[in-house]
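# Survey of secondary and tertiary structure
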Amino acid sequence: MAVVIKDVQSGSVACKYGIKAGDKLISINGEDINDMLDLQFYQSNTDLTVRLETAGSEKVVNITGKDQYEPLGLEFETYLIDKHHHCKNKCMFCFIDQLPKGLRDSLYFKDDDERLSFLFGNYITMTNLTQKEVDRIKKVRISPINISVHTTNPQLRVKMMKNPNATNVMQRMQEFAGADIKMNCQIVLCKNVNDGEELRRSIRDLQSLYPAVQSVSVVPIGLTRYRDGLEKAESFNSEDCKKVIALVAEETESFYAEHGTRLIYLSDEFYLNAGYEIPAAEYYEDFPQIENGVGMVRTFMDNFADDMDYHPTANQAVAVDIATGESFYPVLKEMTDKAMEKYGDKVKIYVHKIKNQFFGGNVSVTGLLTGADLVNQLKGKLKTDRLCLCDDVLSDNADIFLDDMTVPQLESQLGTKAEFYSCDGFDLLSGILKEV
């Protein structure tokens, strides 16, 4: 398949060798280029034979003496060159299926793309992988690959994902392990479905694939009020969370003693909902699953405390309001109270707990707060002219909330200036103190 080159970077290897926008890239060193992974893998040599189609005729460009990992400098219509692979599952826990109508189109796209797993850390179910694609993963060394497992019970996995191709997760993973492909895994835990003895089975199966399986996160199902037509599901209450914590501790204790790693990690929500203290940093080892909310709270707390040590005094008087989700509120309140105790009258921090009415009250994480909920619950209650928010509430590439409210609209309705900080304790406290 020939792919059209949209642009050639000035001064790049391709530019120096006369490759131009509009040329069609056919192959590199005899290997077809179908997407970005092919390009990245096959261009990483010092000598390349590049076959192109130009104005209806084929030509060959021989490149010599290139630095091994220097890119050619080619740009295409899309980053992947190819189209995204769409998810074909109808998982009972899918959060996208629980979104209300009327949001921006990008929020409804469900990817299940091994290329995005390697390039950006996305998780894939492998239900749409052909054997040809599996062989390509092994050949071009897509490692690590992130896999949404959920359960290793074939029949239960089919039921949870409503896809007959969901049965072979262990066979696929064993094949990857045999090819020395490293894997990180995820289990979305659903009450009375894949928890209890089914979770125990999944843990033991995944432990059997160590060290190819490098880490496993267990996260609770997130439920919104927009579940019309979807399978009935329940949230985990405090006692449920305590049982999950106990089961995982029981199954990982001996594994840790033998291998020096827990391998299986619970997301922070389980500890917060159970009313337990968040484990110490040592528990999370090198925090392999922090992007799944595993150890994020501990990192925040430790960094906030470190920043208090770094700033033994406040250089100026400051006063701020901070809004956060229900689950993180107790942690943030505890840390900001310690800061006010340390800095005395110079620092005033007012923490506001925001209930996520937009999703029906069951979603409690800060990153899914909407502009409307912030406005409705903060209007008339702010004590200062500064409102600090975690930048997770914003779209990746724009100053816009999940419900499409813009930052200027929020500021106008609340009559205050909004400040955004990464969900990191050091960054937040430094920002509060105006020491950034």
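None of these values were measured; they are calculated from a predicted model.

Along its length, the protein chain carries 14 helices and 15 strands. Structurally, the protein chain occupies a C-alpha span of about 75 × 50 × 45 Å along its principal axes. Scored against the burial criterion, the 436 residues of the protein chain give a buried share of 50%. Residue pairs at least 24 apart in sequence account for 69% of intrachain contacts in the protein chain once pairs closer than 6 positions are excluded. Looking at the protein chain as shown, the accessible area adds up to about 20,400 Å², and 48% of this sits on carbon and sulfur atoms. Treating the 48 positive side-chain charges of the protein chain as one cloud and the 67 negative ones as another, the clouds have centres 4 Å apart.

Further remarks concern the packing of helix H12 (residues 371–378) against helix H13 (residues 407–414). Interaxial distance between H12 and H13 falls to 10 Å at its minimum, and their mutual angle equals 10 degrees. It follows from the interaxial angle that H12 and H13 lie roughly parallel. Facing H12, whose interface residues are Gly371, Leu374, Val375 and Leu378, H13 presents Leu410, Gln413 and Leu414. Each residue belonging to the contact of H12 with H13 can be placed in one class, and the counts come to 5 nonpolar, 2 polar and no charged.

Tracing the backbone shows lysine 138 in helix H4 (residues 131–139). Overall, the relative accessible area of 24% leaves lysine 138 in the partly exposed class. Filtering out sequence-adjacent residues up to four positions away, lysine 138 remains in contact with Glu175, Phe176, Ala179 and Ile181.

Before going further, it helps to examine the state of the cysteines. In this structure the tally under the stated criterion is 1 disulfide. Covalently, cysteine 390 is tied to cysteine 423 through a disulfide, its sulfur atoms 1.6 Å apart. One disulfide, between cysteine 390 and cysteine 423, carries an S-S torsion of -75 degrees and so falls in the left-handed class. Taken together, the positions of cysteine 390 in strand E14 (residues 386–390) and cysteine 423 in the loop between strand E15 (417–421) and helix H14 (425–432) put the pair 33 residues apart, joining distant regions of the chain. Unpaired in this structure, cysteine 190 has its nearest cysteine sulfur neighbour in cysteine 91, at a distance of 9.0 Å.

One pass over the structure, following the stated rule, counts 11 aromatic pairs. Taking 5.9 Å as the distance between ring centres and 65 degrees as the angle between the ring planes, the aromatic pair formed by phenylalanine 236 and phenylalanine 270 counts as edge-to-face. Taken as a pair, phenylalanine 236 in the loop between strand E10 (213–220) and helix H8 (238–259) and phenylalanine 270 in helix H9 (residues 268–274) lie far apart in primary sequence, 34 residues in all. Taking the relative accessible area as the measure of exposure, phenylalanine 236 reaches 10% and is therefore buried. Classification of phenylalanine 270 by relative accessible area gives buried; the value is 0%. Centroid distance tyrosine 284 to phenylalanine 287: 5.3 Å. Interplanar angle 20 degrees. Geometry classified as stacked. Classification of tyrosine 284 by relative accessible area gives buried; the value is 1%.

Attention now goes to the side chain of aspartate 35. If you trace the backbone, aspartate 35 turns up in the loop between strand E4 (31–32) and helix H2 (36–42). Residue classification places aspartate 35 among the buried residues on the basis of a relative accessible area of 3%. A distance of 2.8 Å separates the side chain of aspartate 35 from the side chain of arginine 136, its partner in a polar contact.

In this section: the sheet that holds strand E13 (residues 347–354). If you walk across this open sheet you meet the 4 strands as E13-E12-E14-E15, and the pairing is parallel. A strand with exactly one partner marks an edge of an open sheet, and here the two such strands are E13 and E15. This sheet shows a mean twist of 30 degrees between the axes of neighbouring strands, independent of strand direction. As paired elements, strand E12 (residues 318–325) and E14 share 2 bridges and run parallel to each other. When the sheet's bridge partners are listed, isoleucine 322 is paired in E14 with cysteine 388. On top of the sheet, helix H11 (residues 329–343) reaches E12 and E13; it is set at about 170 degrees to E13, its chief contact. Against the sheet, H12 contacts E12, E13 and E14, and its axis sits at roughly 115 degrees relative to E13.

Reading guide: rules and limits
- Residues numbered from 1 in each chain as written.
- Predicted model: local features only at pLDDT ≥ 70, side-chain atom pairs only at ≥ 80, totals over all residues.
- Heavy atoms only, no water.
- Helix = DSSP H or I, 4+ residues; strand = E, 2+ residues; numbered from the N terminus.
- Buried < 20%, exposed > 50% of the residue type's maximum accessible area, 1.4 Å probe, protein only.
- Contact = heavy atoms within 4.5 Å.
- Areas by Shrake-Rupley, 256 points an atom, 1.4 Å probe, with all protein chains shown as cover.
- Lys, Arg positive; Asp, Glu negative; His and termini not counted.
- Charge placed at Lys NZ, Arg CZ, Asp CG, Glu CD.
- Axes fitted to C-alpha atoms, helices over the stretch in contact; angles between N-to-C directions.
- Parallel < 35°, antiparallel > 145°, perpendicular 65-115°, else oblique.
- Nonpolar A, V, L, I, M, F, W, Y, C, P; charged D, E, K, R; others polar.
- Disulfide = S-S within 2.5 Å.
- Phe/Tyr/Trp six-rings, centres within 6.5 Å; stacked < 30°, edge-to-face > 60°.
- Polar contact = N/O pair within 3.5 Å; in protein donor to acceptor, adjacent residues only side chain to side chain.
- Pairing = 2+ DSSP bridges.

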